[in-house]
Amino acid sequence: MDNAQPLEEEVYDMSGACLALILCVTKAREGSRADLAALERMFQKLGFESTMKRDPTAQQFQEELDKFWEAMESWTDPISCAFVVLMAHGSEGLLKGEDEQMVELDDLFEVLNNKNCRALRAKPKVYIVQACRGEQRDPGETISGDEIRMIIKESPKTIPTYTDALHIYSTVEGYISYRHDKNGSYFIQTLVDVFTELKGPILELLTEVTRRMAEGEIVQEGKARKVNPEIQSTLWKQLYLQ
């Protein structure tokens, strides 16, 4: 197509405050402290102000999101971006608190959407979820040779409720997520490496995270396993973290 035009890039304004909330259940999750240390290092390098809560109960997951919302709604300076990192045992659509009770992910995601959080309206909201989403395990499939690689208005007066959100899951629906008892989780460690080592639009960085994880292999109980993250995006501009 000789008359095809290059895509014009729109970029989220990142000149304001960038905030992060980390909620992590460490109970019976060996290696999670390594993930917390890696995330703290990443957010510090990226210039985020981060808040951490260890071992929240199911109710406290919700309460901490509500506190995060309250802090942003009362923030005096402009806010550009928010990250929410959720780490716990889980199943599809659910996280298990320190008290063994479950909280629904959708209830947590609702707090900061464009309808409910004025401070983040039309601003990027990135959710990183390190948790199992089922019990299945992926042994991988063999492929050959070099294929292996580990109606629009220009100025709308309203925006959809659920745009500007990016959900990053450590595994796909129905499958477990892997975590080393000393080195932390495969997903968080890979994501932190990519986000701190490389620059580019966040979706391109996540493609690199997926590539590295796909090329790697996990051995569990003597059997080789594969795992890859799942990315769900309603971002409508490019998001650069650095």
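The model shown is predicted, which means the values in this text are computed figures rather than measured ones. (Residues numbered from 1 in each chain as written. Predicted model: local features only at pLDDT ≥ 70, side-chain atom pairs only at ≥ 80, totals over all residues. Heavy atoms only, no water.)

Engineer: Teacher, can you tell me more about the overall build of the protein chain here?
Structural biologist: Helix and strand counts for the protein chain come out as five helices and 15 strands. A compact globule built from 242 residues would reach a C-alpha radius of gyration of about 18 Å, and the protein chain, at 18 Å, matches this within 12%. With the principal axes as the frame, the protein chain shows a C-alpha extent of 55 × 55 × 35 Å. By the burial criterion, 44% of the 242 residues in the protein chain qualify as buried. As displayed, the protein chain offers around 13300 Å² of accessible surface, 47% of which is attributable to carbon and sulfur atoms. Placing the 28 positive and 41 negative side-chain charges of the protein chain at their respective mean positions leaves the two points 3 Å apart. (Helix = DSSP H or I, 4+ residues; strand = E, 2+ residues; numbered from the N terminus. Rg over C-alpha atoms; globule rule 2.2 N^0.38 Å. Buried < 20%, exposed > 50% of the residue type's maximum accessible area, 1.4 Å probe, protein only. Areas by Shrake-Rupley, 256 points an atom, 1.4 Å probe, with all protein chains shown as cover. Lys, Arg positive; Asp, Glu negative; His and termini not counted. Charge placed at Lys NZ, Arg CZ, Asp CG, Glu CD.)

Engineer: Would you mind showing me how to read the side chain of Thr 196 here?
Structural biologist: If you trace the backbone, Thr 196 turns up in helix α4 (residues 186–197). Here Val 192 takes part through its backbone oxygen, which lies 2.6 Å from a polar atom of the side chain of Thr 196. When sequence neighbours within four positions are dropped, the list of residues in contact with Thr 196 reads Met 42, Lys 45 and Gln 242. (Polar contact = N/O pair within 3.5 Å; in protein donor to acceptor, adjacent residues only side chain to side chain. Contact = heavy atoms within 4.5 Å.)

Engineer: It is not clear to me how unusual backbone geometry should be interpreted in this structure. Could you clarify?
Structural biologist: Peptide bonds are mostly trans, and most non-glycine residues show a negative phi. Residues other than glycine seldom take positive phi values, yet Glu 100 does so here, at roughly 75°. Within the secondary structure, Glu 100 sits in the loop between β5 (94–96) and β6 (102–104). With phi around 65°, Ala 122 is a residue other than glycine that occupies positive phi space. If you trace the backbone, Ala 122 turns up in the loop between α3 (105–110) and β7 (125–130). A residue is classified by how much of its surface remains accessible, and Ala 122, at 25% relative accessible area, is partly exposed.

Engineer: When you look at the environment of Thr 161 in this model, what are you seeing that I'm missing?
Structural biologist: Inspection of the secondary structure assignment puts Thr 161 in the loop between β8 (134–136) and β9 (165–169). A residue is classified by how much of its surface remains accessible, and Thr 161, at 27% relative accessible area, is partly exposed. Ignoring anything within four residues of it in the chain, the contact list for Thr 161 reads Asn 113, Asn 114 and Lys 115.

Engineer: For this particular structure, what's the right way to read the pattern of salt bridges?
Structural biologist: Any two side chains of opposite charge can pair, so long as their charged atoms come close to each other. A complete count under the given rule lists ten salt bridges for this structure. Here Lys 67 ties to Glu 64 by a salt bridge, and the two come within 3.4 Å at their closest N and O atoms. Of this pair, Lys 67 and Glu 64 both sit in helix α2 (residues 58–73), separated by three residues, roughly a single helical turn. Its relative accessible area of 47% is what places Lys 67 among the partly exposed residues. In this structure, Glu 100 engages Lys 96 in a salt bridge whose closest nitrogen and oxygen atoms are separated by 3.7 Å. Residue Lys 96 is classed as partly exposed on the basis of its relative accessible area, which comes to 25%. (Salt bridge = Lys/Arg side-chain N within 4 Å of Asp/Glu carboxyl O.)

Engineer: Just to check I follow, could you spell out a negative patch on the surface for this structure?
Structural biologist: A contiguous patch of negative charge on the surface is contributed by Glu 104, Asp 106, Asp 107 and Glu 110. Looking at the negative patch element by element, the count peaks at three residues for α3. As for its placement among the helices and strands, Glu 104 is situated in strand β6. The exposure class of Glu 104 is partly exposed, given its relative accessible area of 43%. (Patch = residues over 30% accessible without salt bridge, like charges linked within 9 Å, V, L, I, M, F, W, Y side chains within 5 Å.)

Engineer: Can you walk me through the packing of helix α1 (residues 32–46) against α4 in this structure?
Structural biologist: To describe two helices that pack against each other, one gives the angle between their axes and the distance between the axes. Their axes nearest at 10 Å, the elements α1 and α4 cross at an angle of 15°. By the angle class used here, α1 and α4 are roughly parallel. Handedness of the α1/α4 crossing: left-handed. Listed contacts from α4 to Ala 34, Asp 35, Ala 38, Leu 39, Arg 41, Met 42, Lys 45 and Leu 46 of α1 are Ile 188, Gln 189, Leu 191, Val 192, Phe 195 and Thr 196. Of the residues in the contact of α1 with α4, the class split is nine nonpolar, two polar and three charged. (Axes fitted to C-alpha atoms, helices over the stretch in contact; angles between N-to-C directions. Parallel < 35°, antiparallel > 145°, perpendicular 65-115°, else oblique. Left-handed = near helix turned anticlockwise from the far one by under 90°. Nonpolar A, V, L, I, M, F, W, Y, C, P; charged D, E, K, R; others polar.)

Engineer: Explain the sheet that holds β9 to me, please; I cannot follow it from the model alone.
Structural biologist: Strand-to-strand pairing in sheets goes through backbone hydrogen bonds, with the strands running parallel or antiparallel. The six strands are arranged β2-β1-β3-β7-β9-β15 in an open sheet whose pairing can be described as mixed. Taken across any chain shown, the strands that pair with only one partner, and hence form the sheet edges, are β2 (49–54) and β15 (230–233). With strand direction ignored, the average angle separating the axes of adjacent strands in the sheet is 10°. Where strand β3 (residues 79–87) and β7 come together, six bridges link them in parallel fashion. The residue bridging Val 84 from the neighbouring strand is Tyr 127, located in β7. (Pairing = 2+ DSSP bridges.)

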